[in-house]
Amino acid sequence: MKNQLIDILAENIQELEKEEIASALEIPKKTDMGDFAFPCFKLAKIYRKAPNMIAEDLTKQILEKNYDIFSKVENVGGYINFFFAKEQFAKQIMNTISAEDFGSSKVGEGKTICIDYSSPNVAKNFHVGHLRTTIIGNSLYKIYYTLGYHLERINHLGDWGTQFGKLIVAYKRWGSKEAVEKNGISELMKIYVKFHEEAEKDDSLNDEARAWFVKMEQGDEEALSIWQWFKDISLVEYKRIYNLLGMEFDHYTGESFYRDKTQDVVDKLNAKNLLVESEGAHIVPLDEYNMAPCLIMKKDGSSIYATRDLAALFYRKETYNFDKCIYVTGLEQKLHFAQVFKVIELLGYDWYDQLVHVPYGLVSMEGGKLSTRSGNVIYAEEILHESIQKIYEIIEEKNPDLEDKETVARQVGIGAILFNDLYNQRIKDVVFNWDKILNFDGETGPYVQYTYARCASVLRKAGDVVIPEDIDYNVLTDEVTMNLLKDITRFPDVVKDAADKYEPFMISRFAVSVAQHFNKFYHDCQINVEDEKIKMARLKVVSVTMKVIKDALALLGIECPEPVSYTHLRAHETLRH
């Protein structure tokens, strides 16, 4: 009906294109101001009249043509307010949102997106800071996938660099094979912290570490053997966490994958006369772009992460021919990616504008930035398991006979963590606070999950009914139901906006809004009544709401627990515990 309205306006305002009309249309905040409003201020210059006079003239013109989709058209100030005929409006909404592919699109068909996210540093624990890139990246992957894009999910592991020289030195001085095999990555973390403590007293340790990394770059068998061992140990932990989160990657091509491809980067830069020697190192000067120089080779001839990122870009473009390459990393890497993208542009590649850095804010504990050097780390796996455990304890207390308690606790516990991260704009810093994350009352993941389960419970209680395609749409014309249906119709636009702005929080806010509107509908509109027309119409509303909530949560990486189990928790009462 919005499209019909756009056609009608285009017919009556020939000076504007349909795209201009569509972008100008507004949904009034108050329902008594119509279903849509069209502002006439932009027409003032065209018609050389006051906006309120233009609105009045256009309103009369539209009313004279007696379009049957409107119950009322009125002008207020410089706006034209449109009220749709409610029964027809309800019918069109229900037909739209009942479609199996509602919310999805083919806008990305034939296009490829490489998305680089998570990318933890090998031999270091997966901490809460890594959760943000992982959660945001996974959600963006799902959003783009539902829009029809082909995705390549890349985990660009931090598995190369001087830090491995430091770790080798630490292992040889203070570690043992037995301790590493017994304690795994926690032992590697322990000796890594030890290295930095000792290096503050003895700077020669840093020289020794650099020497070991040069050995790695030169293919030294012992150095690479120890490095590979560290990497294998780390991947076991990382994949265990990804499995817990229900996430997968198409490629684990970390920095080391590109170590034999960095010379090609150097050759390309030299061919364009972009590489300059500076104090023994080699850089690309970026002064005229108000940026620090991009370091390509260090004094000892070893590569740096910028070199490897450039090599990765050339590899990805050649291998996947991407239409867009997205990097989901912390805001502190903004300069790094600006430098790398600028170098691609200076090399003369026209696909530099297909490169996107999606930054996010920090995660901190009591205001302190997380650091693997000091050992002040909050481990992601501990957070996830503690959240699951707390939900499990609630189930044990309130409903000990619940079937499949472990699965429900995992779905709700993991969902709470994911939703908490994705509920605000990604650029905002997150102060990690257990009270906030485990507050299951209000605008939270468990609240939306519970609403889904409530929908399923209503359908289950209705018995083995088949909801007819042709329902009595007049039943759905009350304000509460219409508000719910109109809110649901936003879903395709919300998904597209979230993709355009790289903001999954738009999906989470939408999910909460739909849940709130549904719970108002559930409270005000009795569903399982004797009147079959009313019952079937309202059951159809429940059915489409349930599907949209599930689809929205899926875009956030959140599962919906089986309602037969979850409703027994009586979420509003018990999850407040």
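Scroll up a little and you will see the structure.
Definitions and limits used
Residues numbered from 1 in each chain as written. Predicted model: local features only at pLDDT ≥ 70, side-chain atom pairs only at ≥ 80, totals over all residues. Heavy atoms only, no water. Core = buried A, V, L, I, M, F, W, Y, C linked by side-chain atoms within 4.5 Å. Buried < 20%, exposed > 50% of the residue type's maximum accessible area, 1.4 Å probe, protein only. Contact = heavy atoms within 4.5 Å. Pairing = 2+ DSSP bridges. Helix = DSSP H or I, 4+ residues; strand = E, 2+ residues; numbered from the N terminus. Axes fitted to C-alpha atoms, helices over the stretch in contact; angles between N-to-C directions. Patch = residues over 30% accessible without salt bridge, like charges linked within 9 Å, V, L, I, M, F, W, Y side chains within 5 Å. Areas by Shrake-Rupley, 256 points an atom, 1.4 Å probe, with all protein chains shown as cover. Salt bridge = Lys/Arg side-chain N within 4 Å of Asp/Glu carboxyl O. Lys, Arg positive; Asp, Glu negative; His and termini not counted. Charge placed at Lys NZ, Arg CZ, Asp CG, Glu CD. 1 Å grid on protein atoms, 1.4 Å probe; cavity = no way out; pocket = protein on both sides within 12 Å on 5 of 7 lines; lining within 4 Å. Points joined across faces, edges and corners; volume = space filled by probe spheres on them. Nonpolar A, V, L, I, M, F, W, Y, C, P; charged D, E, K, R; others polar. Parallel < 35°, antiparallel > 145°, perpendicular 65-115°, else oblique. Left-handed = near helix turned anticlockwise from the far one by under 90°.

### Some remarks on the nonpolar core
Then comes step 1: F38, F70 and L476 are the most contacted members of the largest nonpolar core, which totals 157 residues.
Then comes step 2: F70 has contacts with L5, I8, I62, F82, F83, F84 and A85, leaving out every residue within four places of it along the chain.
Then comes step 3: Among the nonpolar cores identified, the runner-up in size contains 33 residues, and L274, C294, A306 and A311 belong to it.

### Some words on the sheet that holds strand β7 (residues 281-284)
By definition, the strands of a sheet pair up through backbone hydrogen bonds, in either a parallel or an antiparallel sense.
Then comes step 1: Spatial ordering of the open sheet is given by β6-β7-β8, a layout of 3 strands whose pairing is antiparallel. Two strands lie at the open edges of the sheet, namely β6 (276-278) and β8 (294-297), each paired on one side alone. The sheet shows a mean angle of 45° between the axes of neighbouring strands, taken without regard to direction.
Then comes step 2: Bridge count for β7 against β8 is 3 bridges, and the pairing is antiparallel. Following the sheet pairing, H282 is matched in β8 by M297.

### Re a negative patch on the surface
Then comes step 1: Side chains of E403, D404, E406 and E562 sit close together on the surface and give a patch of like negative charge.
Then comes step 2: Summarising the element assignment, D404 is placed in the loop between α15 (380-398) and α16 (405-422).

### Focus on the layout of surface pockets
Then comes step 1: Each pocket or cavity is described by its volume, and for the largest pocket that value is around 1,500 Å³.
Then comes step 2: Along its surface, the largest pocket is lined by 50 residues, and S119, N121, K124, E332 and Q333 are the ones closest to its centre.
Then comes step 3: Counting only elements with at least two residues in the lining of the largest pocket, the list comes to α6 (128-146), α7 (162-174), β8, α13 (305-320), β9 (324-330) and α14 (334-346).
Then comes step 4: Of the residues assigned to the lining of the largest pocket, the class counts are 18 nonpolar, 21 polar and 11 charged.
Then comes step 5: Taken as a whole, the second largest pocket spans an internal volume of roughly 1,000 Å³.

### Regarding the environment of M297
Then comes step 1: Relative to the assigned elements, M297 resides in strand β8.
Then comes step 2: For M297, a relative accessible area of 18% puts it in the buried group.
Then comes step 3: In the structure, M297 is positioned 73 residues away from L224 in sequence and 21 Å away in space, judged by C-alpha atoms.
Then comes step 4: Excluding residues within four positions of it along the chain, M297 makes contact with V266, A281, H282 and S302.

### A short note on the packing of helix α5 (residues 86-97) against helix α19 (residues 479-488)
Then comes step 1: At their nearest, the axes of α5 and α19 sit 10 Å apart, and the two run at 40° to each other. With respect to their mutual orientation, α5 and α19 come out oblique. α5 and α19 meet at a crossing whose hand is left-handed. Contact residues: K86, F89, A90, I93, M94 and I97 in α5; M482, L485, K486 and I488 in α19.
Then comes step 2: Here the contact of α5 with α19 is built from residues that sort into 8 nonpolar, no polar and 2 charged.

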